[in-house]
Amino acid sequence: MAKTFFLIDGHAQFFRAYYAIRAAMTSPITKEPTNMTYGFVGTMLKLIREYKPDYLAVAIDVSSDTESFRNEIYADYKANREAAPDDFHPQVERCIEIIEEMAIPLFGQAGVEADDVIATIVKKMQRDHPDIDVKIVSRDKDLTQLLAPRVQLIDVHKDAPVTTEDVFKVPGVEPSQVGDVLALMGDSSDNIPGVPGIGPKTAAQLIIQYGTLENLMANLDQIKGKRRENLEAYSDQIPMSRQLVQLRDDLEVDFELDSAQWPPTELDVKHMQGLFRDLGFNAFQDSIKNLIGGSEADGVSTAEGGLFAHMDQTQAVEGDYTAIRSVKDLKGLIAKIKTKGSMSIDTETDSLAIRDANLCGVSIALEAGAGYYIPTRSPESKTHLDTETVLSHLRPILEDESIQKIGHNLKYDLNILRSHGVELAGPLFDTMVASYVVDATRSSHGMDVLAKAILDRDCIPLSSLIGKGKFQKTFDEVPLEIAIPYAAEDADVTLQLMKAFKPQIKKMGLADLFEEIEMPLVWVLAELEYNGINVDANELDRQRDHLQKMIDGLRDEIALAAPYPFNPDSPKQLSAALFNKPTAEPPGLGLKPIKRGKTGPSTDQEVLERLGNSPEVDTPLPQLVLRYRQLTKLVGTYLVSLKEAISPATGRVHASFNQTGTSTGRLSSSDPNLQNIPIRTEVGREIRRAFKAPKGRLLLTADYSQIELRILAHLSKDRGLLAAFEAGEDIHSAVAAEVWDIALEDVTPEQRDSAKMVNFGIVYGITPWGLARRLGPDSSVEEASNIIEGYKERFSGITAFLDDCIEQAETKGYVETILKRRRLVPQIHARHPQQRALGERIAINTVVQGSAADLIKLAMISLEEALPKAFPEALMLLQIHDELVFEVPKLQVEPLRDLVVEHMTTALELDVDLVVDAAWSSAWIDAK
């Protein structure tokens, strides 16, 4: 096979990595932003690992957008480019450092662009090394001019070549014609003027028909209508556009192929690993070493056959893993567990649905480096015990309250065993929750991720056993020879993680939080998931049909309001309909864009709302599309997914409640996400009508009133806020009276609304600009600024508290909630103002919102203990933000209400009274 030379369009990959990972990422050591750096390094390692290039180089832009020879041709070239975000350029510098550390040659030249450097290198390769295949790593349409039999453009993210047809959506465009097509269509991202009414598809068709731009212009008499008029009107401009898109391939670039050899002869792997460690890229520390290693580079034996020959794993098994197949061996293991007094446990199933899954086996570990798998369902059922036999022997141990159970996401195992008639008991240690308590800002608390980060170990991936997509198997179909090490490893690794986390939790002073709050909460959340909530599928279908009729009607209204028929689900087509000029192709309404994304004018919710509220915009199209999006989301995200989530076994929805899903300590839910069911609109609230109590029972809801403001009053000790709550006044009116220095009865509805916005926004770091937006188009930033300043002046205790939160983050690197829950705030030390401001908002928000989360967790734990004793038939079903939902027999609803309110209002002693609003009904929507 021919050797390959991969030439990377550096800045194209930098931007792609930056916008692909928008979540804040910072180095735990240097505190610098790392989202782009992480994405770029990941791309480089993927390219090296999967494509195995023989030669590798990177081309970058070394001049600014206004410093190339093209600006001499056209002064406005790239003049519309917005400045890169503050945290972009420092990461470019870091990426360049990494490229150099990897001994990959880097090319750039002042006065030209990376595309010109690439064109020059490609031409030299074609001349001097015609036997080597050149792969340009980019999706840049300009670079399709370079395509040739041995020159390919490639998108390594999609593992696919990029052709002229991909770019222009028309087959038949030759690379030699690309420049002509680009000259006709122009390029809004580079501010290259094109011919109005001629887009990529039309331009491509014209050049294919006439062969060249010159021939097209010589035959304008064959073109009809508006298109001909535009071509004639802009004929003087077209040659300039053609010059701008032409790539230079005659530069003096000091390129020698031998310098690009990969892997390089000299590479300081230890230094690279140290650099990755400093950046917090634990997953990459071994990658570079493995990629330049010998025949065992992948960590997998290359010998044919063998136990794991057909497994797509990253590393050989690292433990002594045994299958328990007989009653004798099972009894022997149980004796060891009794002696040990603790066990790491994991269950394997054929489904993630806790009430529908079948148990496939149980894994147990007692010592690090060893583990046991007890299969109960497999393709070789005759070689091992069945489920009933295994559980009948394990039940006494599993239900023994004196034996500690260690697991990862234990509530899943609790419920799987409960579904099979076993009530797990004993002290718990959940390593997923332990990781969360130690560092809630981790992007993942998954076992495989923690194994790599904490134990420097690559676990066997589940996908190597069951596959992916439509060919995915269930675990009971996996041959035991590969199921045994995978399953036993889970229990072993979990045990090792416990040994790592336990002393760390104690050292950090978090043992009380972990043992008294988070571990008891595992039992509570397992109960909620097991109980589920009854959902009426017929009601979901009724609402879906109703909304679909509304959606169809909106489609018709959108078509009437639009300048041409388009797909309202397509942001690109909507952008054209709103912002293209009426004379363009396709024609648009000619509205002024509000903000731009990578691919053109944005059509996100903020943009559509601003357009819809603008007195200068007289088209109903933005509002219609907003409504259309709202309804289609309700149908797809909620009505359809909710029905699919109904368990065939129970007729109920058993959502997962995620204990480690947020950095503040709040719970989240998934599969389905019940916490995001919209309640601010009538059609959104209607979804709750499908949540119904079974016959003879009612749903009871109990909701903390203004809990974050009460927490804020307690934490800040602000006299004004405390006094308002103590007097039982409407808190928003009371705050408005203070801010405007007027009597309570003189507060206007507008003033109350403004105070409410500040009250709810203050803990999120609300800005004058943000408040002005919330208050509506008639409010100015100056007015909003005065409101915020008046608030801070009147409620000085709150201001001091906010400052204290920021100071704690700056001095300690973290903030704490009422119950001493920690959250790291690395952004607080960022070099860039935007990141520092984000850190300040995180610090404030975490203390208040996290303390509110502490409160409801305490209430849930207390109620879970009280319910079985006082109301054994009552069930706790849901936790939704500050609300708890219960199911109860009708005759017990009032006494249950009293018990719930009592436990919720006394869960934590505060300087303000806690207020709980409770109501009941047969349907969730009416319990208010």
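Structure's up top.
Below, the structure is looked at part by part. Note that the structure is predicted; figures quoted are calculated from it, not measured.

### Comments concerning helix H31 (residues 768-775)
Next, step 1: Here H31 has its buried residues at Gly770, Leu771 and Ala772.
Next, step 2: Against helix H30 (749-761) and helix H32 (781-794) lie the buried residues of H31.
Next, step 3: Trailing H31 by a residue or two, glycine 776 shows a phi angle of about 115°, which is positive.

### As for the sheet that holds strand S9 (residues 359-365)
Next, step 1: In space, the six strands of this open sheet follow the order S7-S10-S9-S8-S11-S12, with mixed pairing throughout. Only two strands of the sheet have a single partner each, and these edge strands are strand S7 (320-323) and strand S12 (428-430). Sheet twist, expressed as the average angle between the axes of neighbouring strands with direction ignored, equals 25°.
Next, step 2: Bridge count for strand S8 (residues 342-349) against strand S11 (residues 404-407) is three bridges, and the pairing is parallel.

### Some thoughts on a positive patch on the surface
Next, step 1: Taken together, the side chains of Arg680, Lys756, Arg773 and Arg774 make up a positively charged region of the molecular surface.
Next, step 2: Among the structural elements, arginine 774 can be located in helix H31.
Next, step 3: We classify arginine 774 as partly exposed; its relative accessible area is 43%.

### Notes on the pattern of salt bridges
Next, step 1: Inspection of the entire model under this criterion finds 52 salt bridges.
Next, step 2: Across the pair arginine 688 and glutamate 883 runs a salt bridge, and its minimum N-O distance is 3.7 Å. Taken together, the residues span a long stretch of sequence, with arginine 688 in the loop between helix H26 (682-685) and strand S19 (697-704) and glutamate 883 in strand S23 (residues 883-889) at a distance of 195 residues.
Next, step 3: For arginine 688, a relative accessible area of 12% corresponds to the buried category.
Next, step 4: Taking relative accessible area as the criterion, glutamate 883 reaches 9% and is therefore assigned buried.
Next, step 5: Arginine 794 serves as the salt-bridge partner of glutamate 738, at 3.8 Å between the closest nitrogen and oxygen. Taken as a pair, glutamate 738 in helix H29 (residues 731-740) and arginine 794 in helix H32 lie far apart in primary sequence, 56 residues in all.
Next, step 6: Residue class for glutamate 738 comes out partly exposed when judged on its relative accessible area of 33%.
Next, step 7: A relative accessible area of 37% means that arginine 794 is categorised as partly exposed.

### Looking at the sheet that holds strand S22 (residues 875-880)
Next, step 1: Spatially, the four strands line up as an open sheet ordered S22-S23-S19-S24, and their pairing is antiparallel. In this open sheet, the two edge strands, each paired with only one partner strand, are S22 and strand S24 (916-921). Each strand axis lies, on average, 20° off the axis of its neighbour in the sheet, ignoring direction.
Next, step 2: In the sheet, S19 pairs with S23 via seven bridges, with the strands oriented antiparallel. Paired with alanine 702 across the strands is leucine 884, a residue of S23.

The rules behind these values
- Residues numbered from 1 in each chain as written.
- Predicted model: local features only at pLDDT ≥ 70, side-chain atom pairs only at ≥ 80, totals over all residues.
- Heavy atoms only, no water.
- Buried < 20%, exposed > 50% of the residue type's maximum accessible area, 1.4 Å probe, protein only.
- Helix = DSSP H or I, 4+ residues; strand = E, 2+ residues; numbered from the N terminus.
- Contact = heavy atoms within 4.5 Å.
- Pairing = 2+ DSSP bridges.
- Axes fitted to C-alpha atoms, helices over the stretch in contact; angles between N-to-C directions.
- Patch = residues over 30% accessible without salt bridge, like charges linked within 9 Å, V, L, I, M, F, W, Y side chains within 5 Å.
- Areas by Shrake-Rupley, 256 points an atom, 1.4 Å probe, with all protein chains shown as cover.
- Salt bridge = Lys/Arg side-chain N within 4 Å of Asp/Glu carboxyl O.
- Lys, Arg positive; Asp, Glu negative; His and termini not counted.
- Charge placed at Lys NZ, Arg CZ, Asp CG, Glu CD.

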